[in-house]
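Spelled out from the first residue to the last, the chains are:
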Amino acid sequence: MRVRWLCGWLMVLAWPAAAAERAQSVAAVRTAAPIVLDGRLDEAAWSRAQPIDRFYETYPGYLASAPERTEVRLLYDDDNLYVGLRLWLKNPARLRKPFVRRDQVNYTHDYVQIYLDPQGSRRGSYLFRVNARGTRTDGYQDEAQETETLDPDYDWDVASHIDAHGWSAEMRIPLSTLRIARSGAQRWAVVVTRGVPREQNTQMASAPFPHDSNCFLCYAGTVGFADLSPRPEHLIATPGLTLTQRRDDGSFGRRRGLDVEPSLDAKWLPGDGDALDLTVNPDFSQVEADVAQLTANQRFALDLPEKRPFFREGADLVATAIPAVYTRSIAAPDYGLRYTHRSAGLEGTGFVARDRGRPAIVEPGFLGSSLGLPDFDSDVGFGRLRDTFGHGDVGALAALKRNDDGSRNRVGGVDASWSSDSDRVLGQWLDAATRNPRRPDLLPDWRGQSLHGAATLLEWDHSTANLWSLRYERYGPGFRSWLGYVPRVGYQRLHGEYYRPFYSTARWLNTIEPYASMDRLEGIGGHRGHESDPALGLVLSGYKSFSADLSWHSRASVLDGGGHERHTDYVAWQLSASPGPRLPLVAFTGQRGRIVDYATGEVVPGRTIGWRVLARPLDRLELEARYDRDILDGLAGQRRHLSEHALQWFGTWHFTARMYALLSWQRYMSARDVPATQRERHDNASLQFNWDVSRDLKLYWGLRYGRARGEDPAAYGRGREVYFKASYSWRR
């Protein structure tokens, strides 16, 4: 064991020499006939393409030769890029091959993915991932932000095939999906990665990037095209029709009837890297309910992930360090128009919409935030440009929301980032001008006043044998971002972290990372008080994807609702593992110690408990359970202050890789005895069928049921809904 640990650490020390090796570069081959997608790679054209076959083990090993053989070939014609993937296994019987939903292909089963940077800028790439059952996952990797989002759902297709030696797959990616309109010789950046989870979660890649590099595409190989001459699809129109039968009862309102809602999504591709998207009366009935969150002892509004397809493409361009654009703040637009441009240098996106959904507006403060519920519609818009130079980029962002009552919010500013192999520096500055609604009946702070404020963020991340990060942020008291997620203002904060990772190829533990962090916040602009949270922690990972993050917060202090400093101490943990193919995920989270009850201002014993279990008793059946509970006990002689919990069950049956049924049930309950209030309870259930009949035809059908009872015993509601949706895409 000691010898293996020593070898693991020596591999880390040898990183500069290993990373100097270059990734493989190949040439794509033009095919005279379109490839028929069956996953078998039996067309003669595949044998003429030079394979990407030099792979490295990146985890748990360190740039050693890959333990499993992989070959990737690329073909093209005037319409599509074809990617052929041949994935051998030394023990094919252990292939993990479950059916999963789109964008759920992950490390718990065998997968392969390709990153493509058609512009060759090495600042961002499209990613296309597939498992052995042919399920798609796609997204965008942003080098500047060091993020990878699975938000976009691109137009592409894939088929897979399992045989006695492993598995294979064929991808067909339209050149229009990659926004390619230029002709002639081209060279793209490319990286292929592969995951084989067994006792160890083995990761392999075609590029020799180290564990803790601050860049990804800088290690990419290239693929060359001798005579690319794309025949683009200039227009894609997708009309849809949704039929909804609803019945609502209770004190929250009564409603019955059949709604017939036509909709239209259209995409125009005028040139290389350009896309113009239009949506009219969009319907999102196929989107499943949000995962319930515990909010009873929270001071600030919580955010929720974006799930609506129209808002997800191009989301990486507005995902800046300061979250000034949060598309969940746009509820139900009558129409939306978005323009997106990507090139080797300049990238940008712009969006305008008429929103009739009247979503809540977050009114931020120093000690807490509140929600205003408007009774007026609004016009919204945002835009961002980003230009790349060398190892950095500069950008500009603007966002505007103008309500029909004359109130408005304008946000604008600049950002920049720079990165190398070991360091990443970024900064952003935004200025905001706001005229609040003159509606104290909706929110006491809405008195028609004008506000002005700025927000600044600076961050420096360093990654070598030692990892550290420094982050400074400042939000003026008058800063508002109605289209963003900014729940707290009137403060400045300094946050620092230091990690020292140790790597090994030993059986049980592959990574040990002790760390220390410090968070210090203080009020500005007339706000007084400060908060702090020093912590010591340890991150572990190893056998069967085991991962643990344990932290001790011995001298934390926070401000209660009255602005008084309260001292707390607690321990926190996150544990997860993938025991096997039938139990791919078991996860636990928790916190225990002395915690502030923000309703009373007291520091009381408390604990948060959470667990998640994912089971696949059959390859076609997936079962998931989630449970979260927050408990605040009373001081000596007191009753329990708060008990809040959320329980959720999900069951998915996959008929094919493109057709599934999803059954879900959620229950949320909250009971507070100090101060005494009534119980609150919500129950929701749904059954949803999704069928991607073809590249163009999609069908959805579902049932939903919900009931709620508020703190007032007289307040209750119950709703039922049946819906059917169909959409079809025409292409020219």
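Residues numbered from 1 in each chain as written. Predicted model: local features only at pLDDT ≥ 70, side-chain atom pairs only at ≥ 80, totals over all residues. Heavy atoms only, no water.

Peer 1: An account of the overall build of the protein chain is needed here, citing residue identities and associated values.
Peer 2: Counting its regular elements, the protein chain contains four helices and 44 strands. For the protein chain, the C-alpha radius of gyration of 26 Å lies close to 27 Å, the compact-globule estimate for 732 residues. Its C-alpha atoms give the protein chain principal-axis dimensions of roughly 75 × 65 × 50 Å. In the protein chain, which comprises 732 residues, the proportion classed as buried is 55%. (Helix = DSSP H or I, 4+ residues; strand = E, 2+ residues; numbered from the N terminus. Rg over C-alpha atoms; globule rule 2.2 N^0.38 Å. Buried < 20%, exposed > 50% of the residue type's maximum accessible area, 1.4 Å probe, protein only.)

Peer 1: Can you break down the state of the cysteines residue by residue, with the values?
Peer 2: In a disulfide, the sulfur atoms of two cysteines are covalently bonded to one another. Counted according to the given criterion, the structure contains one disulfide. Between the sulfur of Cys215 and that of Cys218 lies a disulfide, 1.8 Å long from S to S. Its S-S torsion of approximately 55° makes the covalent link between Cys215 and Cys218 right-handed. A relative accessible area of 11% means that Cys215 is categorised as buried. (Disulfide = S-S within 2.5 Å.)

Peer 1: I'd like to hear about the packing of aromatic side chains, residue by residue, with values.
Peer 2: Tallying each qualifying case throughout the model produces 18 aromatic pairs. Measuring from ring centre to ring centre gives 5.0 Å for Phe351 and Phe382, while their planes differ by 20°; the resulting arrangement is stacked. With a gap of 31 residues between them, Phe351 in strand E20 (residues 346–355) and Phe382 in strand E23 (residues 378–389) connect regions that are remote in the sequence. Each member of the pair, Phe351 as well as Phe382, is classed as buried. Members of the aromatic cluster, connected to one another through ring pairs, are Tyr126, Phe128, Tyr140, Tyr154 and Trp156. (Phe/Tyr/Trp six-rings, centres within 6.5 Å; stacked < 30°, edge-to-face > 60°.)

Peer 1: Got a sec to walk through the pairing of strand E36 (residues 585–596)? Specific residues and values, please.
Peer 2: Here strand E35 (residues 565–577) runs beside E36; their pairing, made up of nine bridges, is antiparallel. When the bridges of E36 are listed, Asp569 appears paired with Arg594. Here E36 pairs with strand E37 (residues 603–618) via 12 bridges, running antiparallel. By the bridge assignment, Gly593 is partnered in E37 with Gly606. Hairpin remark: E36 followed by E37, antiparallel, with six residues in the connecting loop; positive phi at Gly601, about 85°. (Pairing = 2+ DSSP bridges.)

Peer 1: Residues and numbers for the nonpolar core, please.
Peer 2: By size, the foremost hydrophobic cluster in this structure holds 39 residues, and its most contacted members are Leu81, Phe128, Met171 and Trp188. Put simply, the parts of the chain that give this core at least two residues each are strand E5 (70–76), strand E6 (80–88), strand E7 (111–117), strand E8 (124–131), strand E12 (166–174), strand E13 (184–197) and strand E15 (221–228). Once residues within four sequence positions are removed from consideration, Phe128 is found in contact with Val112, Gln113, Ile114, Leu116, Thr137, Asp138, Tyr154, Trp156, Met171, Ile173 and Leu178. Phe382, Val486, Tyr491 and Leu559 belong to the second largest nonpolar core, which has 31 residues in total. (Core = buried A, V, L, I, M, F, W, Y, C linked by side-chain atoms within 4.5 Å. Contact = heavy atoms within 4.5 Å.)

Peer 1: A description of a nonpolar patch on the surface should follow, citing residues and the corresponding values.
Peer 2: Residues Leu241, Leu243, Leu258, Val260, Trp701, Leu703, Val722 and Phe724 make up a contiguous nonpolar surface patch of roughly 650 Å² in combined accessible area. Elements that contribute at least two residues to the nonpolar patch include exactly strand E16 (235–250), strand E17 (255–268), strand E42 (697–709) and strand E43 (716–728). When you line up the elements, Phe724 lands in strand E43. (Patch = residues over 30% accessible without salt bridge, like charges linked within 9 Å, V, L, I, M, F, W, Y side chains within 5 Å. Areas by Shrake-Rupley, 256 points an atom, 1.4 Å probe, with all protein chains shown as cover. Salt bridge = Lys/Arg side-chain N within 4 Å of Asp/Glu carboxyl O.)

Peer 1: How would you explain the pattern of salt bridges if you had to name every residue and give the values?
Peer 2: Note on pairing: side chains with opposite charge can pair once their charged atoms come close. For the structure shown, the criterion picks out 64 salt bridges. In this structure, the salt-bridge partner of Asp155 is Arg695, at a minimum N-O distance of 2.7 Å. Of this pair, Asp155 sits in the loop between strand E10 (147–149) and strand E11 (157–163) while Arg695 sits in the loop between strand E41 (680–692) and E42, and the two are 540 residues apart along the sequence. Taking the relative accessible area as the measure of exposure, Arg695 reaches 29% and is therefore partly exposed. Between Arg354 and Asp379 there is a salt bridge, with its nearest N and O atoms 3.2 Å apart. Taken as a pair, Arg354 in strand E20 and Asp379 in strand E23 lie far apart in primary sequence, 25 residues in all. Among the ionic contacts, a cluster of salt bridges with common partners joins Arg424, Glu459, Asp461, Arg471, Glu473, Arg493 and Asp519.

Peer 1: Account for the sheet that holds E5, naming residues and giving values.
Peer 2: Reading across the sheet, the five strands line up as E2-E5-E6-E12-E11 and stay open at both edges, with mixed pairing between neighbours. Two strands bound the open sheet, and with one partner strand each, they are strand E2 (29–30) and E11. In the sheet, E6 pairs with E12 via nine bridges, with the strands oriented antiparallel. Residue pairing for E12: Leu81 is matched across the bridge by Ile173.

Peer 1: Could you give an account of unusual backbone geometry, with specific residues and numbers?
Peer 2: The phi angle of most residues is negative, glycine excepted, and most peptide bonds adopt the trans form. A cis amide bond links Tyr59 with the next residue in sequence, Pro60, at an omega value of 0°. Tracing the chain through its elements places Pro60 in the loop between strand E3 (56–59) and strand E4 (64–65). Following Val674, the chain continues into Pro675 via a peptide bond in cis, with omega recorded as -10°. Relative to the helices and strands, Pro675 is located in the loop between strand E40 (659–672) and E41. If you check the backbone angles, Asn281 has positive phi at about 50° while not being a glycine. Looking at where Asn281 falls in the secondary structure, it is placed in the loop between strand E18 (274–280) and helix H4 (309–312).

Peer 1: Describe the side chain of Lys725, with residues and values.
Peer 2: Inspection of the secondary structure puts Lys725 in strand E43. Residue Lys725 is classed as buried on the basis of its relative accessible area, which comes to 8%. There is a polar contact of 2.9 Å between the side chain of Lys725 and the backbone oxygen of Asp283. Residues in contact with Lys725, not counting those within four places in the same chain, are Leu241, Thr242, Asp283, Ser285, Gln286, Lys698, Leu699 and Tyr700. (Polar contact = N/O pair within 3.5 Å; in protein donor to acceptor, adjacent residues only side chain to side chain.)

Peer 1: Tell me about the environment of Ala207, and name the residues and values.
Peer 2: Following the sequence through the fold, Ala207 ends up in the loop between strand E14 (201–205) and E15. It is 9.2 Å that separates the C-alpha atoms of Ala207 and Leu63, two residues lying 144 residues apart in sequence. In contact with Ala207, other than residues within four places in its own chain, are Ala23, Tyr56, Thr58, Val191, Tyr219 and Ala220.

Peer 1: Run through the environment of Arg507, naming residues and quoting values.
Peer 2: Along the polypeptide, Arg507 turns up in the loop between strand E30 (502–503) and strand E31 (509–523). Only 3.1 Å separates the side chain of Arg507 from the side chain of Tyr543, close enough to count as a polar contact.

Peer 1: An account of the confidence of the model for the protein chain is needed here, citing residue identities and associated values.
Peer 2: Per-residue confidence for the protein chain gives a mean pLDDT of 90; residues scoring 70 or more make up 96%. Predicted confidence is poor over residues 1–20, with pLDDT under 50, and the contacts of this stretch with residues over four places away or in other chains come to 27 contacts. (pLDDT = per-residue confidence, 0-100.)

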